[in-house]
Amino acid sequence: MKKNEFVTQDLLSKIYQQGDAAPRKLPPERQLADEYGVSRFTVRQALEKLASIGVVRIVQGSGCWINEQARNNPLVYNSITEKRFDQMRYRMISLHKKRPNREEQQIFGLTDDDFIWQFCRLRYVDDSPVQIEVSRMPSAAFADLNQQVIERSLQQYVLEKGYHISHMLTTYRAVNVTREQAELLGCKKGSPAMLINNRGILAGGQVYAVSDIIDINYTCTYVIPHNRDNLAFRQQPG
């Protein structure tokens, strides 16, 4: 692990310590550099990462303040959400309209007579292809979906349509890249990857998008509260 990544991880663990006595502000850069035995530049990199994911605010002349609301967020950051939008771009591979299958009807609350959009896009981070995303969206709610929309932020598009996004439901599974995926991502067939399934949910419970994402460069850091009930359940005999 790189030094700045270690400092980031360790500061996160300290920030998320519970209790009324938890600090609202991080120590100065010079003090942190001395404590971790690293340069101020390394500390600054760690603080900038924390700021980019919304955990802290860096106020010029005042210091680094902890975002209290971030302490309640179980997903701290991953390798995509910590990137600025100007570091990412999309290229649409395909877009078509189709009838939903039974599973898609259940997810979106549709019938045999409805249609959904299905599209595939390639996501570049720092000009390198790292993700293949196949997404589906109900066409009635997003009739004007097009290439221009697909090659920018979908969440921003949904918000601009006047919808209110409630939350995302995300699952992860380790997979290997297929031959077709390898050609798009510029890697070897069989390379390890993460299959990420995202379900975007609007206020009120309606699903607005389902995405299956193959990611070859994925890391994720979580802060998860200890769940005593879950531990007790797992300790029960079969």
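A quick note: this is a predicted structure, and the numbers were derived from the prediction, not measured.

A.B. asks: Hey, could you run me through the overall build of the protein chain in this one?
C.D. replies: Looking only at helices and strands, the protein chain features 8 helices and 10 strands. Here the C-alpha coordinates of the protein chain stretch approximately 65 × 45 × 45 Å along the principal axes. The proportion of buried residues among the 238 residues of the protein chain is 39%. Contacts spanning at least 24 positions in sequence make up 56% of the contacts within the protein chain whose residues lie at least 6 apart. Accessible surface, the protein chain: about 14600 Å² in total, of which carbon and sulfur atoms supply 49%.

A.B. asks: Would you explain the packing of helix α1 (residues 3-15) against helix α3 (residues 40-52) in this entry?
C.D. replies: When two helices pack together, you describe them by how their axes are tilted relative to each other and by the distance separating the axes. It is at 8 Å that the axes of α1 and α3 come closest, and there the two elements cross at 55°. It follows that α1 is oblique to α3 by the angle criterion. Crossing handedness for the pair α1 and α3: right-handed. Together, Lys 3, Asn 4, Val 7, Thr 8, Leu 11, Leu 12 and Ile 15 of α1 and Thr 42, Gln 45, Ala 46, Leu 47, Lys 49 and Leu 50 of α3 make up the contact between the two elements. Across the contact of α1 with α3, the residue classes break down as 7 nonpolar, 4 polar and 2 charged.

A.B. asks: Explain the sheet that holds strand β8 (residues 192-202) here, please?
C.D. replies: The strands making up a sheet associate through backbone hydrogen bonding, with each pair oriented either parallel or antiparallel. Strand order across the open sheet formed by 6 strands is β4-β5-β6-β9-β8-β7, with antiparallel pairing between neighbours. What marks the edges here is a single partner per strand, and that holds for β4 (88-98) and β7 (165-176). On average, each strand axis in the sheet is tilted by 15° relative to the strand beside it, whichever way the strands run. For β7 and β8, the ladder comprises 11 bridges, and the chain directions are antiparallel. Along β8, the bridge assignment pairs Arg 173 with Leu 195.

A.B. asks: I'm lost on the environment of Glu 68 in this one. Help?
C.D. replies: Relative to the elements of secondary structure, Glu 68 occurs in the loop between β2 (63-66) and β3 (75-78). Residue classification places Glu 68 among the partly exposed positions, given a relative accessible area of 34%.

A.B. asks: Explain the domain arrangement of the protein chain here, please?
C.D. replies: How big an interface is tends to be stated in terms of the accessible area lost upon association of its parts. Assigned domains of the protein chain: these are domain 1 (3-73) and domain 2 (85-222). Centre-to-centre, using C-alpha coordinates, domain 1 lies 32 Å away from domain 2.

A.B. asks: Can you help me understand helix α2 (residues 29-36) in this one?
C.D. replies: Turn by turn, an α-helix covers 3.6 residues, leaving residues three or four places apart pointing in a common direction. Listed in full, the buried residues belonging to α2 are Glu 29, Leu 32, Ala 33 and Tyr 36. Buried residues of α2 fall within an arc of 100° about the axis and therefore sit on the same side. For α2, the exposed residues lying more than 90 degrees away from the buried face are Arg 30, Asp 34 and Glu 35. At its buried positions, α2 is contacted by α1 and α3. Immediately downstream of α2, the backbone of Gly 37 shows phi near 65°, a positive value.

A.B. asks: It is not clear to me how α3 should be interpreted in this structure. Could you clarify?
C.D. replies: Between its first and last C-alpha, α3 extends 18 Å over 13 residues, near the 18 Å set by a 1.5 Å rise per residue. Listed as buried for α3 are Thr 42, Val 43, Ala 46, Leu 47 and Leu 50. Across the axial projection of α3, the buried residues extend over an arc of 135°, all falling on one side. One or two residues past the end of α3 sits Gly 54, with phi positive at roughly 85°.

Calculation notes
In every chain, residue numbers begin from 1 and rise along the written sequence. Only residues with pLDDT of at least 70 are given local features in this predicted model, and only at 80 or more are side-chain atom pairs given and counted; all residues enter the totals for whole chains, interfaces and linings. Derived side-chain values reflect all non-hydrogen atoms in the structure, with water molecules and hydrogen atoms excluded from consideration. Comment: elements are numbered from the N terminus, with helices defined as DSSP H or I runs of at least four residues and strands as E runs of at least two. Each residue is placed in one exposure class: buried if its accessible area under a 1.4 Å probe, protein chains only, is under 20% of its type's maximum, exposed if it is over 50%, and partly exposed if it falls in between. Note on definitions: a residue-residue contact is assigned when non-hydrogen atoms from the two residues lie within 4.5 Å. Working definition of accessibility: Shrake-Rupley area with a 1.4 Å probe, residue cover restricted to the visible protein chains. Where helices are involved, their axes are fitted lines through C-alpha atoms of the stretch in contact, as for all axes, and angles between N-to-C directions lie from 0 to 180°. For this classification, under 35 degrees means roughly parallel, over 145 means roughly antiparallel, 65 to 115 means roughly perpendicular, and everything else is oblique. In this scheme the handedness of a crossing depends on how the near helix is turned from the far one: anticlockwise by less than a right angle means left-handed, clockwise means right-handed. For this classification, Asp, Glu, Lys and Arg are treated as charged, while Ala, Val, Leu, Ile, Met, Phe, Trp, Tyr, Cys and Pro are nonpolar and the rest, including Gly, are polar. Strand pairing is assigned whenever DSSP identifies at least 2 bridges connecting the two strands. Each domain span listed reflects an automatic or database assignment of domains. Regarding the arc, it is the one traced by the directions from the helix axis to the C-beta atoms. Here, expected helix span is obtained from the residue count minus one, scaled by 1.5 Å.

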